[in-house]
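Below, each chain spelled out in residue letters.
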Amino acid sequence: MAPLNEEQLHQIRDERREQIMRAALKVFARRGIIGTKMSMIAAEAGISHGLLYHYFSSKEELFTTLIEDAMKGAEEATSGVYDLPGTPLEKIRALSMEMLDESGTPYFMLIHHARTSDGVPEKVKELIARHDMHAFIARLLPVFREAQQAGEIVEGSLEELISSYLSVLSGLMVLNAQGIEGYRLPDVDMLLRLIARSRP
């Protein structure tokens, strides 16, 4: 059997790193940073405790890496709204559907823990501060302004409207992550009634 070449080794390392990050996301989303141990992440990933340390030196490093990924993803999703087809309100609807996709629930919980937990690394606090509500409002302002000018959404302060919209979405995702029996995410069109202008 031929030895693995450099490219194959690199691919195996990348795949292992992804496997560890997926496992860490699940554990951190459930337990937060304080309640998580590296041994739990290793068990979730199905690897040895020792092997985990070849990839990440601490749970803080892993948590920070995941938060960086989550913030980058959130930034791309909100900035990418302008490339979506349709009217401004249709773009907001598509963004809402993407944000409420259940596959994103662990990321919402991760960010929730990063905002509210003790023991969060300093670098994470800086990342969260840099990507606060004002940053998201600024990115979404143009599409909401277009929707308001087109008469698709209600009148009033756009900053307050976007802030309320994002708070509702975040709250719903955090609630959904709790696994409350009988709870399910509301339909996107029901949510959009909070901001959409009713047709005469």
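Residues numbered from 1 in each chain as written. Predicted model: local features only at pLDDT ≥ 70, side-chain atom pairs only at ≥ 80, totals over all residues. Heavy atoms only, no water.

It is worth spelling out the pattern of salt bridges at this point. For the structure shown, the criterion picks out six salt bridges. In this structure, E44 engages K26 in a salt bridge whose closest nitrogen and oxygen atoms are separated by 3.6 Å. Highlighted residues: E44 in helix α2 (residues 38–45) and K26 in helix α1 (residues 6–31), separated in sequence by 18 residues. A relative accessible area of 34% means that E44 is categorised as partly exposed. Among the residues examined, K26 registers a relative accessible area of 46% and is labelled partly exposed. E44 is the salt-bridge partner of R30, the closest N and O atoms lying 3.5 Å from each other. Placement of R30 in helix α1 and of E44 in helix α2 is noted, with a sequence separation of 14 residues between them. A network of salt bridges, in which partner residues are shared, links K26, R30 and E44. (Salt bridge = Lys/Arg side-chain N within 4 Å of Asp/Glu carboxyl O. Helix = DSSP H or I, 4+ residues; strand = E, 2+ residues; numbered from the N terminus. Buried < 20%, exposed > 50% of the residue type's maximum accessible area, 1.4 Å probe, protein only.)

Attention shifts here to the UniProt feature "domain: HTH tetR-type" (unreviewed entry) in the protein. Residues given the UniProt feature "domain: HTH tetR-type" (unreviewed entry) here are residues 14–74. Regarding residues 14–74, the helix share stands at 80% and the strand share at 0%, and the terminal C-alpha atoms are separated by 23 Å. (UniProt positions renumbered as here; feature names shortened; annotations may be inferred.)

As a further point, take helix α9 (residues 158–177). For α9, spanning 20 residues, the distance from its first C-alpha to its last is 29 Å, which sits close to the expected 28 Å at 1.5 Å a residue. Its buried side turned inward, α9 meets α5 (88–99), α6 (105–116), α8 (133–149) and α10 (188–192). (Expected span 1.5 Å × (residues − 1). Contact = heavy atoms within 4.5 Å.)

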